[in-house]
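Structural characterization, general
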Amino acid sequence: MQKILWISRHVLTDDQRAGLERLCGGAFELVWWKENVEDLQLLASAAEAADMIAAVLPVHLLARLVAMFPGKPVLIDLAQRTLVSTGGPEAAVRFSHGGWQRIRRLELELEPLD
């Protein structure tokens, strides 16, 4: 059985879980890292023990995660955003699972401006 590290403050949705089951060919073990991530070293042992990583992180942390674990699948959810009327002046946003994507390469070059 494959082990997936889920890095997110949010519970895995039924659609996300079903998508991962399809990718794994059936049931999988889920390890949920729900704390805010500022230092990837804190979750390094959990990531090492996992067969793949599914993460909701800022792009700079995703880039470091991919670099830290070359060859290990790092997945992101292609979230679909739908505006929903609230009856007031502003609409609410509803997110739904749009499919999983594997990050094959993520190169980030930043320039400090202040």
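First things first, this report covers the structure right here in the doc.

**A closer look at the environment of alanine 79**
- On the secondary structure map, alanine 79 appears in strand β4 (residues 74–84).
- For alanine 79, a relative accessible area of 40% corresponds to the partly exposed category.
- Spatially, the C-alpha atoms of alanine 79 and tryptophan 100 are 8.9 Å apart, while their sequence positions differ by 21 residues.
- If we ignore the near neighbours within four places in the chain, the residues touching alanine 79 are Phe95, Ser96 and Gly98.

**Brief notes about a nonpolar patch on the surface**
- On the surface, Val59, Leu108 and Leu110 cluster together into a nonpolar patch covering about 280 Å² of accessible area.
- Judged by relative accessible area, which is 36%, leucine 108 ranks as partly exposed.

**Some words on helix α1 (residues 14–24)**
- Inspection of α1 places Gln16, Gly19, Leu20 and Cys24 among the buried residues, and these make up the whole buried set. Down the axis, α1 shows its buried residues gathered within 130° of arc, on one side only. Facing away from the buried side of α1 by more than 90 degrees, the exposed set consists of Asp14 and Arg22.
- The elements touched by buried residues of α1 are β1 (2–7), β2 (28–33), β3 (52–55), β4 and β5 (92–102).

**Re the pairing of β1**
- Pairing of β1 with β2 involves 6 bridges; the strand directions are parallel. Among the inter-strand pairings, tryptophan 6 is bridged to a residue of β2, identified as tryptophan 32.
- Once the chain exits β1 it traverses α1 before rejoining the sheet at β2, and the crossover so formed is right-handed.
- Inspection of the sheet shows β1 paired to β3 by 4 bridges, in the parallel sense. Residue pairing in the sheet places leucine 5 in a bridge with isoleucine 53 of β3.

**Topic: the nonpolar core**
- Judged by nonpolar contacts, the single largest core of 19 residues is most densely connected at Leu5, Ile7, Leu43, Ile53, Leu57 and Leu65.
- Those elements giving two or more residues to this core turn out to be β1, α2 (44–49), β3 and α3 (59–68).
- Aside from chain neighbours lying at most four places away, what touches leucine 65 is Ile7, Leu40, Leu43, Ile53, Ala55, Leu57 and Val74.
- Ranked by size, the runner-up nonpolar core spans 10 residues in total, among them Ile4, Trp6, Leu20 and Leu75.

Thresholds applied
Residues numbered from 1 in each chain as written. Predicted model: local features only at pLDDT ≥ 70, side-chain atom pairs only at ≥ 80, totals over all residues. Heavy atoms only, no water. Helix = DSSP H or I, 4+ residues; strand = E, 2+ residues; numbered from the N terminus. Buried < 20%, exposed > 50% of the residue type's maximum accessible area, 1.4 Å probe, protein only. Contact = heavy atoms within 4.5 Å. Patch = residues over 30% accessible without salt bridge, like charges linked within 9 Å, V, L, I, M, F, W, Y side chains within 5 Å. Areas by Shrake-Rupley, 256 points an atom, 1.4 Å probe, with all protein chains shown as cover. Salt bridge = Lys/Arg side-chain N within 4 Å of Asp/Glu carboxyl O. Arc of directions from axis to C-beta. Pairing = 2+ DSSP bridges. Right-handed = clockwise from strand over helix to strand, strands pointing away. Core = buried A, V, L, I, M, F, W, Y, C linked by side-chain atoms within 4.5 Å.

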